[in-house]
Protein chains: 2
Amino acid sequence: MARAAARPDPAATTADPAVAVADLDAGFAAWWAERRSAARLSVAPVPFRELPQWSFTRDGDLVHDSGRFFTVSGMRVRGPEGSGRDQPVIVQPEIGVLGLLVKHLDGEPHVLLQAKAEPGNIDGIQLSPTVQATRSNYTRVHRGGATRHLEHFTGPGRGRVLVDSLQSEQGAWFWRKHNRNMVVEPVGEVAEHPDFRWIALRTVRLLLRVDHLVNMDTRSVLGCLPPGPVLSEPVPRVSALTSWLIDAKQHCPWYAGPVPLADVGGWTRTETEIADVRARSFRIIAVRVEAGTREVRQWAQPLLAPRRPGLAVFLCRTSEGVRRVLVRARTEPGLGDLVELGPTVQWSDDTGPAVPEEAGPFDGSALSGDPACVRFDAELSEEGGRFHRAATRYRIVDADPSLPSDDAELPDDYRWLTPHQLHALVARGHHVNVQARSLLACLASLP
Amino acid sequence: MARAAARPDPAATTADPAVAVADLDAGFAAWWAERRSAARLSVAPVPFRELPQWSFTRDGDLVHDSGRFFTVSGMRVRGPEGSGRDQPVIVQPEIGVLGLLVKHLDGEPHVLLQAKAEPGNIDGIQLSPTVQATRSNYTRVHRGGATRHLEHFTGPGRGRVLVDSLQSEQGAWFWRKHNRNMVVEPVGEVAEHPDFRWIALRTVRLLLRVDHLVNMDTRSVLGCLPPGPVLSEPVPRVSALTSWLIDAKQHCPWYAGPVPLADVGGWTRTETEIADVRARSFRIIAVRVEAGTREVRQWAQPLLAPRRPGLAVFLCRTSEGVRRVLVRARTEPGLGDLVELGPTVQWSDDTGPAVPEEAGPFDGSALSGDPACVRFDAELSEEGGRFHRAATRYRIVDADPSLPSDDAELPDDYRWLTPHQLHALVARGHHVNVQARSLLACLASLP
């Protein structure tokens with residue numbers, strides 16, 4: 001179950017200096033600075049007893065009084081010969097909407113992004129999609145305002161739907177969470193608002209290189225866009241790939257099920273945190289939030305706080321003009337079918353996903369510091385509404401030429417895929433995990 | 001929550017007399033009579049305490065000593081304003097294989113079917129697919145023999161894969177059960193065995209009209225075959241349909257979660273059954289089985305026993321040479337996303353699926369006894385390995401001409417779809433429920 005003790009520190013490898021917003025787009029930079037000063041979000045850790053409207057059930061689950069919003073409960077993972085572990089998990093059995101409006105301005109596709117503060121954000125505000133709404137948001141369970149621009153994604157005012165699929169989120173931290181990822185071309189007028197800005201898709205792709213700027217939900221939706229011009233390419237046949245993925249699901253030796261938080265072994269609860277006794281995995285904490293521009297002006301909530309940044313890397317290779325990335329069929333206990341396609345290399349906390357993972361054969365290449373090989377390298381944030389300062393280092397690295405280009409010579413859980421093949425799988429929903437979708441968004445930013 | 005009290009009795013409507021096997025194919029009939037006499041399966045109800053290797057946990061769940069096979073646990077369904085109910089549910093978190101071998105003989109496609117006895121079968125043996133194996137079967141948890149012909153579906157001897165998808169099963173009785181549905185053209189020799197017979201696909205489609213002959217698993221796989229010659233038609237674009245289905249999932253007001261069986265309200269356990277106090281829903285019983293030809297010669301197991309037959313009906317219509325069927329986006333609490341496409345009309349037990357369903361607008365047409373309108377009408381069995389004498393009346397009926405042919409004039413959960421559109425959704429997996437897949441198999445038998 002232990003990962004190699006001498007795990008390299010991703011932060012210690014050489015990389016380009018962080019890209020600065022101001023170097024990319026002066027108009028954007030001015031707006032961004034202005035929004036940041038307007039946001040005034042203050043976040044302070046509090047004991048669990050100072051979470052109004054939240055309480056622990058007799059089973060130990062941390063629940064909202066409405067019975068909705070989300071719940072911190074437990075997950076039990078069991079594998080071959082009794083191996084496995086328990087862990088807390090965030091349960092939110094609802095379908096939220098992550099929606100991006102797109103339209104052509106000056107002949108170029110632009111998307112409407114939102115400067116949005118979330119309590120777990122590393123840098124205050126980040127670039128969110130046009131709509132980022134849980135069901136609790138849009139049915140106003142916690143008494144916020146109506147979700148702005150939602151009318152373009154649902155109901156009679158819906159625009160032309162370009163992308164629409166259900167996609168999973170972190171299977172190491174969520175119990176079967178999924179959201180509806182949509183890209184829509186509006187048919188009606190889109191109201192202006194100071195928190196929102198039309199930004200050229202080309203610029204957004206440059207902004208992906210800025211640490212902690214483009215949020216996870218935006219990346220997830222961008223990762224659902226076709227790699228070329230929208231819908232211009234024939235859909236590749238992917239039946240051999242879906243069969244391979246079903247093989248992995250069928251033969252996955254792990255089983256995960258929900259358990260009450262009180263039954264989660266190896267974890268303890270104090271006044272201020274739920275943590276594993278070995279202090280190696282994430283913690284559950286509580287925060288009080290005071291906001292300027294957010295829908296609700298003051299609230300408190302639990303957050304999942306990882307202890308250190310994760311890593312997600314695509315090894316890639318171009319031959320005869322065709323780029324391919326190396327994907328892995330990856331087990332994460334909170335995913336509906338346990339297995340989806342993920343990056344070549346993916347780590348989260350040091351104890352990581354509950355399903356154990358030995359040091360992989362590609363860790364060395366993934367951490368390469370050779371500037372000639374590193375195509376993309378930025379530290380980006382995971383969802384700031386549920387996670388506290390959760391960062392992942394995303395990298396795209398040229399594969400070592402010695403790596404076999406024939407799938408048959410690779411371990412059976414790895415395959416070389418073109419971006420078009422990956423997109424065809426993304427479009428089906430529940431086939432490509434959230435880290436890989438982020439990397440697909442980053443991949444589209446490469447020349 | 002109550003369905004209209006005056007529910008019509010499906011068995012009371014006029015229908016064709018049952019089709020007899022001998023009238024269809026004399027060679028088949030002789031083999032079938034011979035297999036039936038060889039099967040010698042005897043099934044007797046027993047008290048739960050006489051189930052060796054099964055016991056009740058302190059949470060009341062009925063589990064196999066191996067911790068695998070399957071479990072009878074509980075499901076809690078909650079809807080708007082506190083409505084909902086609890087019920088027992090069969091939990092089997094594994095992916096089994098339902099596999100059909102197909103090859104051309106005398107220029108005509110034939111499939112390899114199996115005469116297989118299951119403890120819950122109404123008529124002793126039924127026609128099963130080439131392979132019908134739970135993970136427990138093929139990893140031999142309950143010490144049966146190796147699964148015959150499995151090598152054509154998995155591993156290096158796998159043939160040419162024509163159909164491969166994960167499909168749900170009864171969402172009213174199973175907790176998120178799914179199986180891998182495969183159609184494979186073998187590349188190697190297929191060993192002969194007296195329980196197996198190559199039967200022309202055309203004949204199998206006639207045999208579907210015989211009550212309780214072609215089992216649910218065979219129908220499920222047949223329902224995944226393309227409606228025309230294999231792969232000859234372009235795949236229709238279904239993005240508007242998948243968006244409509246995601247709408248239904250997103251706005252579904254129901255939530256279902258697992259609970260221990262001891263926490264299921266309104267149900268009681270005696271020595272011999274688990275039943276709802278109003279005696280309206282299915283029961284859980286136990287049976288002892290002695291078999292001649294089955295892998296294990298003697299065993300005992302729980303079964304879910306419905307109190308009465310269900311009903312599943314497609315209304316159909318042909319205009320300008322194109323046949324369409326009326327499908328409904330249907331909520332069933334045990335389905336992964338709660339909603340899949342189902343028949344126009346579907347009932348199970350009188351209290352039916354846990355999610356309540358009012359009498360629908362199409363019940364009258366669905367029960368039509370007019371022989372000029374009834375295209376298909378047979379009482380077929382659901383899975384005899386988990387259900388005790390579970391029958392469903394499957395019907396395909398011409399829609400009344402007064403029914404709107406424009407989807408916009410129908411309730412929003414109904415749509416007219418061509419068989420090709422439905423097939424494109426079936427091929428994605430988890431889009432079309434098991435009753436609708438059975439009806440698709442029956443639909444392919446129409447002239």
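Heads up: the structure comes first, above all this text.
My aim in this report is to walk through the structure given alongside it, one point at a time. (Residues numbered from 1 in each chain as written. Chains lettered and ligands numbered in written order. Predicted model: local features only at pLDDT ≥ 70, side-chain atom pairs only at ≥ 80, totals over all residues. Heavy atoms only, no water.)

**Digging into the packing of aromatic side chains**
Item 1. For the structure shown, the criterion picks out 22 aromatic pairs over all chains.
Item 2. Seen in terms of ring centroids, W267 of chain A and F282 of chain A are 5.1 Å apart; in terms of plane orientation they differ by 45 degrees. Their pairing is tilted. Taken together, the residues span a long stretch of sequence, with W267 of chain A in strand β15 (residues 267-269) and F282 of chain A in the loop between β16 (273-276) and β17 (283-290) at a distance of 15 residues.
Item 3. Owing to a relative accessible area of 2%, F282 of chain A belongs among the buried residues under this scheme.
Item 4. Consider the rings of W173 of chain B and F387 of chain B, whose centres lie 4.7 Å apart with planes at 65 degrees: the pair is edge-to-face. Here the residue W173 of chain B occupies a position in the loop between β10 (160-168) and β11 (174-175), and F387 of chain B occupies one in the loop between β23 (374-381) and β24 (391-398), the gap between them amounting to 214 residues.
Item 5. Ring pairs connect the aromatic residues F28, W31 and W32 of chain A, which therefore count as one cluster.
Item 6. The ring of F174 of chain B has K177 of chain B lying over it, and the distance from NZ or CZ to the ring centre is 4.0 Å.
Item 7. One residue, R269 of chain B, lies across the ring of F56 of chain B, its end atom 3.5 Å from the ring centre. (Phe/Tyr/Trp six-rings, centres within 6.5 Å; stacked < 30°, edge-to-face > 60°. Helix = DSSP H or I, 4+ residues; strand = E, 2+ residues; numbered from the N terminus. Buried < 20%, exposed > 50% of the residue type's maximum accessible area, 1.4 Å probe, protein only. Lys NZ or Arg CZ within 6 Å of the ring centre and 35° of its normal.)

**Quick look at the relation of the copies chain B and chain A**
Item 1. Each copy superposes on the other: chain B lies on chain A with an RMSD of 0.0 Å after a rotation of 180 degrees and an axial shift of 0.0 Å. Overall, the copies show the geometry of a two-fold rotation axis.
Item 2. The fraction of interface residues of chain B whose copies in chain A are also interface residues reaches 100%, indicating that both copies meet through the same surface. (Least-squares fit on C-alpha atoms with pLDDT ≥ 70 in both. Contact = heavy atoms within 4.5 Å.)

**What to know about the interface of chain B and chain A**
Item 1. Across the boundary between the two partners, chain B contributes 29 residues, which contact 29 residues of chain A.
Item 2. Taken together, both faces of the contact between chain B and chain A bury some 2,400 Å²; the carbon and sulfur share is 46%.
Item 3. Of all residues in chain B, the largest losses of buried area upon contact with chain A belong to R135, I246 and Q250 of chain B, amounting jointly to 24% of the total for that side.
Item 4. On the surface where chain B and chain A come into contact, there are four salt bridges.
Item 5. Of the charged contacts, one joins D247 of chain B and R158 of chain A as a salt bridge, the two residues approaching to 2.6 Å between their closest N and O atoms.
Item 6. If you look at where chain B meets chain A, you find 14 residue pairs in polar contact (both at pLDDT 80 or more).
Item 7. Contributions of two or more residues to the side of chain B that touches chain A are made by β6 (95-105), α3 (135-138), β10, β12 (178-185), α6 (239-251), β14 (255-259) and α8 (419-428) of chain B.
Item 8. Top contributing element to the side of chain B that touches chain A by residue count: α6 of chain B, with six residues.
Item 9. Tallied by class, the residues present in the side of chain B that touches chain A amount to 13 nonpolar, six polar and ten charged. (Buried area = accessible area lost by both parts, 1.4 Å probe. Salt bridge = Lys/Arg side-chain N within 4 Å of Asp/Glu carboxyl O. Polar contact = N/O pair within 3.5 Å; in protein donor to acceptor, adjacent residues only side chain to side chain. Nonpolar A, V, L, I, M, F, W, Y, C, P; charged D, E, K, R; others polar.)

**Digging into empty space enclosed by the protein**
Item 1. If you walk through the whole model with that rule in mind, you get six cavities of 30 Å³ or more.
Item 2. Put simply, the largest cavity is a space of about 140 Å³.
Item 3. Residue lining of the largest cavity: 18 residues in total, with W173, W347, S348, T392 and Q435 of chain A positioned closest to the centre.
Item 4. Contributing elements (two or more residues each) for the lining of the largest cavity: β19 (310-319), β22 (345-347) and β24 (391-398) of chain A.
Item 5. In terms of lining residues, the second largest cavity is bounded by 18 residues, among which W173, G310, W347, S348 and T392 of chain B are the most central.
Item 6. Within the residue set of the lining of the second largest cavity, elements represented by two or more residues are β19 (310-319), β22 (345-347) and β24 of chain B.
Item 7. At three residues, β19 of chain B tops the list of elements feeding residues into the lining of the second largest cavity.
Item 8. Considering only residue class, the lining of the second largest cavity consists of nine nonpolar, six polar and three charged. (1 Å grid on protein atoms, 1.4 Å probe; cavity = no way out; pocket = protein on both sides within 12 Å on 5 of 7 lines; lining within 4 Å. Points joined across faces, edges and corners; volume = space filled by probe spheres on them.)

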